[in-house]
Amino acid sequence: MADNFQVTKDGKLKHLLSIDGLSKEIIIDIFNMAESFLKIGSRDVKKVPLLRGKTVCNLFFENSTRTRTTFEIAAKRLSADVINLDIPTSSQSKGESILDTVNNLIAMGADIFVVRHGIPKTPEIIAKAVNNDVHIINGGDGNHAHPTQGLLDSFTIRRFKKEFSNLKVAVVGDIKHSRVARSEVCALSTLGVPEIRVVGPDNLMPDDLDNLNLIHFNDLKKGLKDVDVIMMLRLQKERMEDGDIPSEEDYFKQFGLKRDHLRIAHPDAIIMHPGPINRGIEIESEVADCKQSVILSQVTFGIAIRMAVMTMLISKKL
Amino acid sequence: MADNFQVTKDGKLKHLLSIDGLSKEIIIDIFNMAESFLKIGSRDVKKVPLLRGKTVCNLFFENSTRTRTTFEIAAKRLSADVINLDIPTSSQSKGESILDTVNNLIAMGADIFVVRHGIPKTPEIIAKAVNNDVHIINGGDGNHAHPTQGLLDSFTIRRFKKEFSNLKVAVVGDIKHSRVARSEVCALSTLGVPEIRVVGPDNLMPDDLDNLNLIHFNDLKKGLKDVDVIMMLRLQKERMEDGDIPSEEDYFKQFGLKRDHLRIAHPDAIIMHPGPINRGIEIESEVADCKQSVILSQVTFGIAIRMAVMTMLISKKL
Amino acid sequence: MADNFQVTKDGKLKHLLSIDGLSKEIIIDIFNMAESFLKIGSRDVKKVPLLRGKTVCNLFFENSTRTRTTFEIAAKRLSADVINLDIPTSSQSKGESILDTVNNLIAMGADIFVVRHGIPKTPEIIAKAVNNDVHIINGGDGNHAHPTQGLLDSFTIRRFKKEFSNLKVAVVGDIKHSRVARSEVCALSTLGVPEIRVVGPDNLMPDDLDNLNLIHFNDLKKGLKDVDVIMMLRLQKERMEDGDIPSEEDYFKQFGLKRDHLRIAHPDAIIMHPGPINRGIEIESEVADCKQSVILSQVTFGIAIRMAVMTMLISKKL
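From a predicted model like this one, the values you see are computed outputs, not experimental measurements.

What follows covers the overall build of chain A. When its secondary structure is counted, chain A shows 13 helices and nine strands. Relative to the globule expectation of 20 Å for 318 residues, the C-alpha radius of gyration of chain A, 19 Å, shows essentially globular dimensions. The principal-axis extents of the C-alpha atoms in chain A amount to approximately 55 × 45 × 35 Å. Per-residue burial for chain A yields a buried fraction of 61% across its 318 residues. Taking as baseline every contact in chain A between residues at least 6 positions apart, the subset at least 24 positions apart corresponds to 74%. If you sum the accessible surface of chain A, you get close to 12500 Å²; carbon and sulfur atoms cover 48% of it. Treating the 42 positive side-chain charges of chain A as one cloud and the 42 negative ones as another, the clouds have centres 6 Å apart.

Turning next to the interface of chain B and chain A. Across the boundary between the two partners, chain B contributes 18 residues, which contact 19 residues of chain A. Carbon and sulfur atoms supply 51% of the area buried between chain B and chain A, which totals about 1800 Å² over both sides. At the junction of chain B with chain A, the criterion picks out four salt bridges. Between B:Lys54 and A:Asp44 there is a salt bridge, with its nearest N and O atoms 3.3 Å apart. For the pair chain B and chain A, the interface holds nine residue pairs in polar contact (both at pLDDT 80 or more). Elements supplying a minimum of two residues to the side of chain B that touches chain A: β2 (81-86) and α5 (98-108) of chain B. Of the residues forming the side of chain B that touches chain A, the biggest block, six residues, is contributed by α5(B). Residue classes in the side of chain B that touches chain A are distributed as six nonpolar, five polar and seven charged.

The next subject is helix α13 (residues 295-314) of chain B. Under the 1.5 Å per step criterion, the end-to-end length of α13(B) is 29 Å for 20 residues, consistent within 8% with the ideal 28 Å. Here α13(B) lies mainly inside the structure; 17 of its 20 residues are buried.

Further remarks concern the packing of helix α7 (residues 147-161) of chain B against helix α8 (residues 179-190) of chain B. Residues and elements named next belong to chain B. Close contact between α7 and α8 brings their axes to 8 Å; oriented N to C, the two are set at 50°. Considered as vectors, α7 and α8 are oriented oblique to each other. Relative to α8, the crossing made by α7 is right-handed. Residues Pro147, Gln149, Gly150, Asp153, Ser154 and Ile157 of α7 touch α8, and the partners they reach there are Val180, Ser183, Glu184, Ala187 and Leu188. For the contact of α7 with α8, the class distribution of residues is five nonpolar, four polar and two charged.

Further remarks concern the relation of the copies chain C and chain A. Mapping chain C onto chain A is achieved by rotating through 120° and translating by 0.0 Å along the same axis, at an RMSD of 0.0 Å. The transformation just described matches what one would write down for a three-fold rotation axis.

Moving on: the domain arrangement of chain A. Residues and elements named next belong to chain A. Domain parsing of chain A yields domain 1 (3-145 + 300-314) and domain 2 (147-297). Domain 1 and domain 2 are separated by 25 Å when their C-alpha centres are compared. At the junction of the two partners, domain 1 supplies 35 residues and domain 2 supplies 27 residues. Both faces combined, the contact of domain 1 with domain 2 buries some 2500 Å², and carbon together with sulfur accounts for 66% of it. Looking only at domain 1, the three residues that lose the most surface to domain 2 are Ile19, Phe31 and Phe301, adding up to 30% of its buried area. Taking the shortest distance from any N to any O, the salt bridge between Arg179 and Glu62 comes out at 3.2 Å. If you look at where domain 1 meets domain 2, you find nine residue pairs in polar contact (both at pLDDT 80 or more). For the side of domain 1 that touches domain 2, the secondary structure elements donating two or more residues are α2 (24-41), α3 (65-77), β3 (112-117), β4 (135-141) and α13 (295-314). Sorting elements by how many residues they give to the side of domain 1 that touches domain 2 places α2 first, with nine residues. Looking at side-chain class alone, the side of domain 1 that touches domain 2 contains 16 nonpolar, eleven polar and eight charged residues.

For the rest of this paragraph, the subject is the sheet that holds strand β5 (residues 168-172) of chain C. All names here are of chain C. Strand order in this open sheet of five strands is β7-β6-β5-β8-β9, and the pairing throughout is parallel. Of all the strands in the sheet, just β7 (215-217) and β9 (270-272) have a single pairing partner and so form its edges. Between one strand axis and the next, the sheet turns through 20° on average, direction left out of account. Where strand β6 (residues 195-199) meets β7, three bridges bridge the pair, whose relative direction is parallel.

Turning our attention to the interface of chain C and chain A. Taken together, the 19 residues of chain C in the interface contact 18 residues of chain A. Taken together, both faces of the contact between chain C and chain A bury some 1800 Å²; the carbon and sulfur share is 50%. Of all residues in chain C, C:Asp44, C:Lys46 and C:Lys47 give up the largest surface area on contact with chain A, accounting jointly for 26% of the area buried on that side. The shortest N-O distance in the salt bridge between C:Lys46 and A:Asp111 comes to 2.7 Å. Counting every contact that joins chain C to chain A gives nine residue pairs in polar contact (both at pLDDT 80 or more). Tallying contributions element by element places helix α3 (residues 65-77) of chain C first for the side of chain C that touches chain A, with eight residues. Along the lines of polarity and charge, the residues of the side of chain C that touches chain A split into seven nonpolar, four polar and eight charged.

Applying the stated criterion across every chain, the model contains 45 salt bridges over all chains. Where B:Arg279 meets C:Asp100, a salt bridge forms, and the shortest distance between an N and an O atom there is 2.7 Å. Placement of B:Arg279 in the loop between β9 (270-272) and α12 (285-288) and of C:Asp100 in helix α5 (residues 98-108) is noted, with the two residues assigned to different chains. Residue classification places B:Arg279 among the partly exposed residues on the basis of a relative accessible area of 28%. In this structure C:Asp100 comes out as buried when scored by relative accessible area, which is 9%. Between C:Lys128 and C:Glu124 there is a salt bridge; the shortest N-O distance is 3.8 Å. Remark: C:Glu124 and C:Lys128 occur in helix α6 (residues 122-129); sequence separation between them is four residues, near one turn of the helix. A cluster of three or more residues bridged by salt bridges with shared partners is formed by A:Glu35, A:Arg158 and A:Arg159.

On to the environment of A:Val185, then. Residues and elements named next belong to chain A. With respect to the helices and strands, the residue Val185 is situated in helix α8 (residues 179-190). By relative accessible area, Val185 is classed as buried at 6%. Sequence-wise, Val185 and Glu248 are 63 residues apart; in three dimensions their C-alpha atoms are separated by 25 Å.

Residue and element names in this part refer to chain C. Within the open sheet, the four strands sit side by side as β2-β1-β3-β4. Their pairing is parallel. Of all the strands in the sheet, the pair left with one neighbour each is β2 (81-86) and β4 (135-141). Each adjacent strand pair in this sheet contributes to an overall mean axis angle of 15°, direction not counted. Pairing between strand β3 (residues 112-117) and β4: five bridges, direction parallel. By the bridge assignment for β4, Phe113 is matched with Ile136.

Another point: the pairing of strand β2 (residues 81-86) of chain A. Pairing between strand β1 (residues 55-60) of chain A and β2(A): six bridges, direction parallel. In the sheet register, A:Phe60 faces β2(A), and the bridge partner there is A:Asp86.

Right, let's talk about the packing of aromatic side chains for a bit. This structure, assessed with the given rule, holds twelve aromatic pairs over all chains. Between A:Tyr251 and A:Phe255, the aromatic rings sit 5.8 Å apart at their centres with planes inclined by 40°, giving tilted as the arrangement. Here A:Tyr251 and its partner A:Phe255 are both found in helix α11 (residues 248-255), four residues apart, which amounts to about one turn of the helix. Here a set of aromatic residues connected by ring pairs shows up, and it is made of A:Phe31, A:Phe155, A:Phe160 and A:Phe301. Directly above the ring of C:Phe71 sits C:Arg306, whose terminal nitrogen or CZ lies 4.7 Å from the centroid.

The next thing to look at is α11(A). All names here are of chain A. If you check which residues of α11 are buried, you get Tyr251, Phe252 and Phe255. Projected down its long axis, α11 shows its buried positions confined to an angular sector of 100°, all on one face. Along α11, exposed side chains directed more than 90 degrees from the buried face belong to Glu249 and Lys253. Looking at the buried positions of α11, the neighbouring elements they touch are β5 (168-172), β6 (195-199), α9 (220-224) and β8 (229-232).

All names here are of chain A. Viewed as axis vectors pointing N to C, helix α5 (residues 98-108) and helix α6 (residues 122-129) meet at an angle of 50°, and their least axial separation amounts to 11 Å. In terms of axis orientation, α5 runs oblique to α6. Note that α5 runs across α6; the crossing there is right-handed. For the pair formed by α5 and α6, the contact residues are Ile98, Leu99 and Val102 on the first element and Thr122, Ile125, Ile126 and Ala129 on the second.

Here is what the cut-offs are and how they apply
- Residues numbered from 1 in each chain as written.
- Chains lettered and ligands numbered in written order.
- Predicted model: local features only at pLDDT ≥ 70, side-chain atom pairs only at ≥ 80, totals over all residues.
- Heavy atoms only, no water.
- Helix = DSSP H or I, 4+ residues; strand = E, 2+ residues; numbered from the N terminus.
- Rg over C-alpha atoms; globule rule 2.2 N^0.38 Å.
- Buried < 20%, exposed > 50% of the residue type's maximum accessible area, 1.4 Å probe, protein only.
- Contact = heavy atoms within 4.5 Å.
- Areas by Shrake-Rupley, 256 points an atom, 1.4 Å probe, with all protein chains shown as cover.
- Lys, Arg positive; Asp, Glu negative; His and termini not counted.
- Charge placed at Lys NZ, Arg CZ, Asp CG, Glu CD.
- Buried area = accessible area lost by both parts, 1.4 Å probe.
- Salt bridge = Lys/Arg side-chain N within 4 Å of Asp/Glu carboxyl O.
- Polar contact = N/O pair within 3.5 Å; in protein donor to acceptor, adjacent residues only side chain to side chain.
- Nonpolar A, V, L, I, M, F, W, Y, C, P; charged D, E, K, R; others polar.
- Expected span 1.5 Å × (residues − 1).
- Axes fitted to C-alpha atoms, helices over the stretch in contact; angles between N-to-C directions.
- Parallel < 35°, antiparallel > 145°, perpendicular 65-115°, else oblique.
- Left-handed = near helix turned anticlockwise from the far one by under 90°.
- Least-squares fit on C-alpha atoms with pLDDT ≥ 70 in both.
- Domains from an automatic or database assignment.
- Pairing = 2+ DSSP bridges.
- Phe/Tyr/Trp six-rings, centres within 6.5 Å; stacked < 30°, edge-to-face > 60°.
- Lys NZ or Arg CZ within 6 Å of the ring centre and 35° of its normal.
- Arc of directions from axis to C-beta.

Set out below in structure tokens:
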């Protein structure tokens, strides 16, 4: 179980590898700390010295300027030094092993690693190998997990909907291959959301639907009926190449979120998307920009959540 | 008109998109602030906390390590956090739109964007779309404008020549396609330089020569007669590929600045170049390094000018 | 001689170009300062303001994320601003000359350059051209020198063995083409190591073996007999392409360090490697991780050594 690595016996967050294994209490602690960082974000000087003298390594084996930038901004706002290392997996194969790379950076004084890798559980393997003073954040590992995204998404819902206990949430798209969907579903379920729907074609649903207590809809209109939260997923183009998805036009016709759908959902429903959005593919352009869309708020809250996670990892043991 | 976007009703600089639309007063304000930053540059600790807690995004859709570095150094010297984003235009076309990228970075807390893009007016389009707390600096947009270069060039002239009102200035090279030339000419004209000459072959002159009040010479010797300032332009190699310029040797023979020319100009004439210089193509190597050359001073002054612009953008509204 | 450029008449370190030309006294000064930085590395806030307001340029014409990162971390821990410039030699050839690039960066306010280049003595050429306020550190130049590696290696030996005057040291691998080996041998010899052995095939030995006072062994077992320090070199793959080295398997069989060898050396012998290690090629994986291996300590000490060098370069003249 992942929780053995993520949380100490005293209940302190040690690594953030997946939402799975995190207690509701720890998630709420992260949210509360994120709230205080949101206030800092609106101040004139947006910087706090909490990670001064600490070194955060962004170790990205999968290229993602966007995600890397969110961690870079979060770390710099905490006054940490940031080292960006983009390591193409191709060069990795010839060179030293990942653990050798990590151990070298630890010897140089790295305190926190944000690891993104195409192979599931790579961050966990690293977390198992490092000593107590070093902390690993999973920045996305294959189709396994993307825990900071799961946290920021549920934090966004809390900010707009206050309570989780009376919500209907629909996650729309390729659930099967999405690390974002897995982390979202796990967070919402831990936080007590009573009804989580997954909407998409049958072949893009996970095999363990029933275990996850998810209700499957393969019709978008039915799936969105009366929901409070619509979480769109980004269309992974590589799925189309694999033949899992017929064409962008067809996908948009069946599962793209359009203006008409908003009348089916609850009138106050919020629209979410992890970004970057493909306008006109998974979401109609005007819907992405409408009043119910909280997509840019997710980005803002994501910085606060990442600041909160880094601060909790580094804070002294009780 | 660009000025609506660049300057608030109260006369505050809001964006820097082009010299066109900037009043003489604002340009002089920038120069005076740059003077104070020049003094800081010679101190032992070259850093001031004016942009502490602010985030400057270098958003470069055209690769330019050199220009990006000048903005990065200027921002760091003001204690800002700097995020460098090199986005190849090729990848841009497939992904999210530029405005989506910008809006995401604003949601992360970016305060200033330095935008370089191959398509003219891209920085202006962004400036129109963002809200009041975000500021855009044009770092070069196609053949349209490069306002910080225009400012640092005229600031360099003020430093060496004190007064603009009695100067003869020659700009030499491909005026037609040069964003640097356009910004230089506009700055000098606003600052009251009475005689601006443009020297180069007919086919590299702009169509609106007369509107710009420029005197055209297609003979270098005649063009340099008695001038106080010689501003060389960098030869754009892509012009040669288009057939606008026959060969490097031929260009150097006709329009390359050589030792002999210095006797034609005013004895105290200064020699300028926006860099990086092509030695032996647009300028003879020994001329680039001679006492009258102020090419490296331009670089030093460029940091002070960029610090001044960023500080004026971020300073509170009156 | 290099020493004219590296050390002022008053004995102050001005540039670090090669170990050759450095006195034992200066090396010991660097070591003593590095000791104080090691203590900082174990503090909660690992940062000191010694280089605040200074700009360190990592000017890498040869790609090396690892080495660049060590200088970046060292500079940031001293509170310097760091500018990373990776300039592929290919683009260099078309563009401005290296000295023009350097002079531009100096005009922007750069204080220290870390230069890595494939052509030997490039850092020295730059050092000769710059003025007194600018300092050059050789970050590796062709097969000539890698002085910070030589310093950190001998500092590691001092930390584990206390005295140099009674040591037997073996350097194993391709001595001929290794800038690391040259810098190591020079440092150890200056520090008074009485017996330096070089172990490897005849064709990978330098021509000036006798001048360097080295004892050559082409048999690994004989070379390691009773040594206190085993310094492995990284196998340069390009040597294999040149046919200097037959195959990885063959090389490992003859010159790879294996568990059995440790019984031949002194029981307290330490095992060193400049990294990144090729497990199973120049060193058996379990030997790299065994108790006698100090490979990761070298990395930690390397940060302290680089901090010490930068601090000594920048400190005011007496």
